[in-house]
Amino acid sequence: MNDDGLKPGEERFPEQAHLDPAARAAQKRRNLWLGLALLGFVFLVGLTTFVRLSSSEDNQSNFYYNMNQTGQQQAPELPPGMSPEQAEPPANLSTEPVVREEVVVEEEAPEQ
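Residues numbered from 1 in each chain as written. Predicted model: local features only at pLDDT ≥ 70, side-chain atom pairs only at ≥ 80, totals over all residues. Heavy atoms only, no water.

Summing up its helical and strand segments, the protein has two helices and zero strands in all. The buried share of the protein, reckoned over its 112 residues, is 2%. As displayed, the protein has an accessible area near 12100 Å², and 56% of this comes from carbon and sulfur atoms. (Helix = DSSP H or I, 4+ residues; strand = E, 2+ residues; numbered from the N terminus. Buried < 20%, exposed > 50% of the residue type's maximum accessible area, 1.4 Å probe, protein only. Areas by Shrake-Rupley, 256 points an atom, 1.4 Å probe, with all protein chains shown as cover.)

And the structure:
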């Protein structure tokens, strides 16, 4: 039977390691080098991402927006064999929003 005052299923934490000054200095040196290596890796991943995004085709069209230098939208080129008349929107398509009025239909009550 246990005489250390613990209930069944409980465990005692191990004692903390007490390092001498030389071991503590070596631990700090290792931690510093590990931190510098991690910082270098993060910098390398960020630099690689920046270079790849800046040389992508999306950058040619100002990345997110397809605007030329004057600020007007640039029309995409038509596919081969398509005329400008074929590319025009239908005549019944307007740029103004369509506001539909609500139609209320009253039902007649059945006669009794």
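So, about a nonpolar patch on the surface. Taken together, Leu32, Trp33, Leu36 and Leu39 make up a surface patch of nonpolar side chains, about 480 Å² in accessible area. Within the secondary structure, leucine 39 sits in helix α1 (residues 21–54). (Patch = residues over 30% accessible without salt bridge, like charges linked within 9 Å, V, L, I, M, F, W, Y side chains within 5 Å. Salt bridge = Lys/Arg side-chain N within 4 Å of Asp/Glu carboxyl O.)

Here we come to the environment of serine 54. In this structure, serine 54 sits in helix α1. At 3.0 Å, the side chain of serine 54 and the backbone oxygen of valine 51 are in polar contact. (Polar contact = N/O pair within 3.5 Å; in protein donor to acceptor, adjacent residues only side chain to side chain.)

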